[in-house]
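# Structural overview
Read off the chains here:
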Amino acid sequence: KKIKNLGIKYQIPVTVIDYFDHIFDHSSYDNKILFKELEYKKDFNLFFKHDLPKNRQDEIVKPLAPMPCEPKNYLIPNVFDKSIDIFFRGRNTPSAKKDRMIMLQYLKKNFSNISIEIFDNNTKLDYSHFNYSKKLSQSIIAFSPSGKTWDSTRHTETGLFGCIPLIPRPDIDIVGNIDDMHNCLIYDPNKLESSELGKLKEKIAFVLKDKKTKDQLSKKWMDTVLEKHTLVSRSKYLVKELTKIKY
């Protein structure tokens, strides 16, 4: 508190990085909830929020999602051997959003050359990081659903392995752009009736069949991740926003 007060007194920018939100308040537009009862100018000059409600960012609050990755932490091969159409590995977490299991069941039913590995919370996993990285490097599309909130470590790490992310439409403000059929495949988690899933199936099938589109999407997402969503690039984003602070 003393450091914060000194910063405000001597016009040294005070920034809050609010990385994790409780599930009950991540969509709130109320400033008391959004800023955890901290006040602009009195307590901070700029607020970075991980799960920032859609269209809420302005000059005093900025998004942090999607979660950035550190390429050095992954075993990335020089050449990708893409032999799996769609890959997912994860837990059937009760607190995850409903679209996860709906989509997994649909993918398993409608696509054959896939690798879907689902575990419950009580299962002790005997699975190395090397094997996980290998599966990503072999996969054309990586299914990357929401967890408790929209964001997931999968969203960005898929790009390091040349995967096309199959990703829900963001319901929060994010850094950069995630554009359907430009650098990813997007589905609407609020529109999972049979007619919409049928359209999604056709889109996925087209991408898997059309080499030019497949290669373009893969490259675009990898370029986006390396440019916008590494730890270094996210740090540069924070510093850039800090330099815009006006007293």
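Anyway, here's the lowdown on the structure attached to this text. (Residues numbered from 1 in each chain as written. Predicted model: local features only at pLDDT ≥ 70, side-chain atom pairs only at ≥ 80, totals over all residues. Heavy atoms only, no water.)

### With respect to the pairing of strand 5 (residues 114-119)
It is a general feature of regular strands that their side chains alternate between the two faces of the sheet. Formally: Strands were regarded as paired on the criterion that DSSP finds at least two bridges between them. Helix numbering and strand numbering both begin at the N terminus, where a helix is a DSSP run of H or I of at least 4 residues and a strand a DSSP run of E of at least 2. Seen with the strands pointing away from the viewer, any crossover whose path from the first strand over the helix to the second strand runs clockwise is right-handed.
Taken together, the 6 bridges between strand 4 (residues 84-91) and strand 5 define a ladder with parallel strand orientation. For Arg 91, the partnering residue across the bridge sits in strand 5 and is Phe 119. Considered for its hand, the β-α-β crossover made up of strand 4, helix 3 (residues 99-110) and strand 5 is right-handed.

### A short note on the sheet that holds strand 5
Selection criterion: To define axes, lines are fitted to C-alpha atoms, for helices over the stretch in contact only, and angles between the resulting N-to-C directions are given on a 0 to 180 degree scale. Whether two residues touch is decided by their heavy atoms; if any such pair falls within 4.5 Å, the residues are in contact.
Read across the sheet, 5 strands follow the order 5-4-6-7-8 without closing on themselves; strand pairing throughout is parallel. The two strands at the open ends of the sheet, each matched to only one other strand, are strand 5 and strand 8 (185-187). Mean inter-strand twist for the sheet, computed between neighbouring axes without regard to direction, equals 20 degrees. Direction of pairing for strand 6 (residues 139-143) relative to strand 7 (residues 164-168): parallel, over a ladder of 3 bridges. Paired with Ala 142 across the strands is Pro 165, a residue of strand 7. Sitting on the sheet, helix 3 touches strand 4, strand 5, strand 6, strand 7 and strand 8, and the angle it makes with strand 5 is about 140 degrees.

### Quick word on the packing of helix 3 against helix 6 (residues 194-209)
Condition: Angular relationships are summarised with four words: roughly parallel below 35 degrees, roughly antiparallel beyond 145, roughly perpendicular across 65 to 115, and oblique for the angles in between. Left-handed describes a crossing in which the near helix is turned anticlockwise from the far one by less than a right angle; the clockwise case is right-handed. All amino acids are sorted into three groups, where Ala, Val, Leu, Ile, Met, Phe, Trp, Tyr, Cys and Pro are nonpolar, Asp, Glu, Lys and Arg are charged, and the leftover types, Gly among them, are polar.
Put simply, helix 3 and helix 6 touch, their axes get as near as 12 Å, and they point 55 degrees apart. Between helix 3 and helix 6, the angle falls in the class oblique. For the pair helix 3 and helix 6, the sense of crossing is right-handed. Every residue of helix 6 that contacts helix 3 at Met 103, Tyr 106, Leu 107 and Asn 110 is listed here: Leu 197, Gly 198, Leu 200, Lys 201 and Ile 204. Of the residues assigned to the contact of helix 3 with helix 6, the class counts are 6 nonpolar, 2 polar and 1 charged.

### Looking at the nonpolar core
The tendency in soluble globular proteins is for nonpolar side chains to be buried side by side. Our working rule: By convention a nonpolar core is built from buried Ala, Val, Leu, Ile, Met, Phe, Trp, Tyr and Cys residues, the set being connected through side-chain atoms within 4.5 Å. Throughout this description, buried means an accessible area under 20% of the type-specific maximum (1.4 Å probe, protein chains only), exposed means over 50%, and partly exposed covers the range between.
Within the largest apolar cluster, 22 residues are counted, with the highest numbers of intra-cluster contacts made by Met 103, Ile 141, Phe 143, Leu 166, Leu 185 and Ile 204. Within the residue set of this core, elements represented by two or more residues are strand 4, helix 3, strand 6, strand 7, strand 8 and helix 6. Beyond its immediate stretch of four places on either side in the chain, Leu 185 contacts Ile 141, Ile 164, Pro 165, Leu 166, Ile 167, Asp 180, Lys 203, Ile 204, Val 207 and Leu 217. Ranked by size, the runner-up nonpolar core spans 19 residues in total, among them Phe 87, Trp 150, Ile 167 and Ile 186.

### Examining the pairing of strand 1 (residues 15-18)
Residues Val 16 and Asp 18 point to one face of strand 1 and are all buried, whereas Thr 15 and Ile 17, pointing to the other face, are not buried. Summarising the sheet, strand 1 and strand 2 (residues 46-49) pair through 4 bridges and their orientation is parallel. Opposite Ile 17, over in strand 2, you have Phe 48 as the bridge partner.

### What about the pattern of salt bridges?
The cut-off we apply is this: Should a side-chain nitrogen of Lys or Arg be within 4 Å of a carboxyl oxygen of Asp or Glu, the pair is scored as a salt bridge.
Counted under the stated rule, the structure contains 11 salt bridges. For the salt bridge of Asp 18 with Lys 49, the shortest nitrogen-to-oxygen distance reads 2.7 Å. Taken together, the residues span a long stretch of sequence, with Asp 18 in strand 1 and Lys 49 in strand 2 at a distance of 31 residues. Assigned by exposure class, Asp 18 and Lys 49 land together as buried. What you see here is one network of salt bridges that share partners, running through Asp 18, Lys 36 and Lys 49.

### Description of helix 6
Rule in force here: The span one expects for a helix is its residue count, reduced by one, times 1.5 Å. The arc refers to the directions leading from the helix axis to the C-beta atoms.
The end-to-end C-alpha separation of helix 6 is 22 Å, in line with the 22 Å expected for 16 residues at 1.5 Å each. Inspection of helix 6 places Leu 197, Leu 200, Lys 203, Ile 204, Val 207 and Leu 208 among the buried residues, and these make up the whole buried set. Considered in projection along helix 6, the buried side chains sweep an arc of 135 degrees and stay on one side of the axis. Every exposed residue of helix 6 that faces more than 90 degrees away from the buried side is listed here: Ser 194, Lys 199, Glu 202 and Lys 209. Its buried side turned inward, helix 6 meets strand 4, helix 3, strand 6, strand 7, strand 8 and helix 7 (211-228).

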